[in-house]
Each structure stands twice: as C-alpha cells, then as structure tokens.
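Take a look at the letters that make up each chain.
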Amino acid sequence: MHFETAVRVERPAEEVFDYVSDPESFPDWNSAVQAVRRTSGEGDVGSTYLMERELPGGPARNELEILALSRPTQFDMRTTSGPTPFTYRYRFASEGGATEVQLAAEVELSGVAGALGPLASRVVKRGVDANFATLKGILERNR
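Computed from a predicted model, the values in this text were never measured in an experiment.

Another point: the overall build of the protein. When you go through the protein residue by residue, the secondary structure sums to 4 helices and 7 strands. For the protein, the sequential pattern of α-helices and β-strands runs β-α-α-β-β-β-β-β-β-α-α. Per-residue burial over the protein gives 38% buried out of 143 residues. The contacts of the protein with a sequence gap of at least 6 include a subset with a gap of at least 24, amounting to 44%. Entry remark: accessible area of the protein is about 7300 Å², with carbon and sulfur atoms responsible for 50%.

Before going further, it helps to spend a moment on the sheet that holds strand 2 (residues 33-40). Through backbone hydrogen bonds, the strands of a sheet pair up, either in parallel or in antiparallel fashion. An order of 1-7-6-5-4-3-2 is seen for the 7 strands of this open sheet, with the pairing classed as antiparallel. Looking at strand neighbours, the two that pair on one side only are strand 1 (2-9) and strand 2, the edges of this open sheet. Within this sheet the neighbouring strands show an average axis-to-axis angle of 25°, counted without direction. Judged from the 6 bridges that link them, strand 2 and strand 3 (residues 48-55) form a sheet pairing that is antiparallel. Following the sheet pairing, V36 is matched in strand 3 by M51. Sheet strands touched by helix 1 (residues 13-20): strand 1, strand 4 (58-70), strand 5 (74-81), strand 6 (86-95) and strand 7 (98-107). Its angle to strand 6, the strand with the most contacts, is close to 165°.

With that out of the way, let us pick up the nonpolar core. Ranked by size, the top nonpolar core spans 30 residues in total, and within it F26, W29, F75, Y88 and Y90 carry the most contacts. Counting residues per element, this core draws most heavily on helix 4 (residues 118-141), at 5 residues. Apart from the residues within four sequence positions on either side, Y90 is in contact with V20, W29, T73, Q74, F75, D76, V101, Q102, L103 and F132.

What follows covers unusual backbone geometry. With an omega dihedral of 0°, the bond running from R71 to P72 counts as a cis peptide bond. Turning to its location among the elements, P72 is positioned in the loop between strand 4 and strand 5.

Below, the discussion takes up the pattern of salt bridges. With the rule as written, the count across this model stands at 10 salt bridges. Salt bridges linked by common partners bring R8, E10 and E95 together as one network.

With that settled, the discussion passes to the packing of aromatic side chains. A full pass over the atoms with the stated rule returns 8 aromatic pairs. Measuring from ring centre to ring centre gives 5.2 Å for F17 and F92, while their planes differ by 75°; the resulting arrangement is edge-to-face. Highlighted residues: F17 in helix 1 and F92 in strand 6, separated in sequence by 75 residues. The buried category is assigned to F92, whose relative accessible area is 5%. With centroids separated by 4.6 Å and ring planes inclined at 40°, the aromatic side chains of F86 and Y88 adopt a geometry described as tilted. What makes F86 buried here is its relative accessible area of 7%. For Y88, a relative accessible area of 12% gives the class buried. A connected cluster of aromatic rings, assembled from ring pairs, spans F17, F26, W29, F75, F86, Y88, Y90, F92 and F132.

Rules used in this analysis
Residues numbered from 1 in each chain as written. Predicted model: local features only at pLDDT ≥ 70, side-chain atom pairs only at ≥ 80, totals over all residues. Heavy atoms only, no water. Helix = DSSP H or I, 4+ residues; strand = E, 2+ residues; numbered from the N terminus. Buried < 20%, exposed > 50% of the residue type's maximum accessible area, 1.4 Å probe, protein only. Contact = heavy atoms within 4.5 Å. Areas by Shrake-Rupley, 256 points an atom, 1.4 Å probe, with all protein chains shown as cover. Pairing = 2+ DSSP bridges. Axes fitted to C-alpha atoms, helices over the stretch in contact; angles between N-to-C directions. Core = buried A, V, L, I, M, F, W, Y, C linked by side-chain atoms within 4.5 Å. Salt bridge = Lys/Arg side-chain N within 4 Å of Asp/Glu carboxyl O. Phe/Tyr/Trp six-rings, centres within 6.5 Å; stacked < 30°, edge-to-face > 60°.

Structure (structure tokens):
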C-alpha cells in the first residue's frame, strides 16, 4: 500500500529535520511507538535501530535502517525485520520560517489488514496524520 501525506510546521527546516530524523524521538510523537534504541552506527546512513510498538494485534518489534539522510531536506528509513514492513521517505521544504514535511510511505499489510485494502490504507494514513498533528504541536510549542 502506498500513501502520501504532509504537515506544515511553523519551525525552521533544520530544527524539524533534526527532530524527525532522530528515530529515538519517535515515541514522543508516534502513538504506536513505545521505545526506540540505536543498535549500530552513529545515526547516519546505514545506522540501525530496534523499535518497539503497540499495534492493534499486540506488541511488535521492528528493526529499522536509515537509507538516506541529507540535512535538512531528506530522511528515508525502512524496516529490515518485524511485522508490517514499511519504507518511509520524508522530504522537508522551507517555506519562510516554516517547514512542509512530506511523507511518501510504502507499507505491506498482511492478514486481515491486507485483505481490507483501501479501508486499511485510510486507517493507516489517518493514524500517520494524527501523529503528524502531535509532531506539529510538540515542535510549535517548543518555540
């Protein structure tokens, strides 16, 4: 399943990029993520992380890898193990003092979720949009 979404954050691109591209910040703004810890690298391309999530089907662990990192415009990551394989490609565009965060996502859904097709896609996108609203609130509150 593929979807795209975006959010405008009233903060400079460098600040938004630094926060979003740090997987260890995910538990702060992604409602499903319980914990993330780096398992290799220095936070650059090729670095890996272990992410623990709480999904509708129960707890899940994914290993993540940073695929691309170009401050302050690009951050790509993918799962290398675990349920619901995904690749997220974030783009950051400066707009005055604000930043447009764009996400292009590829998510593999299996079982019942996979069978639901477009409905599952809308549910996942709605969750990502809610997480983006939380991200916006955190970054704009910390002005």
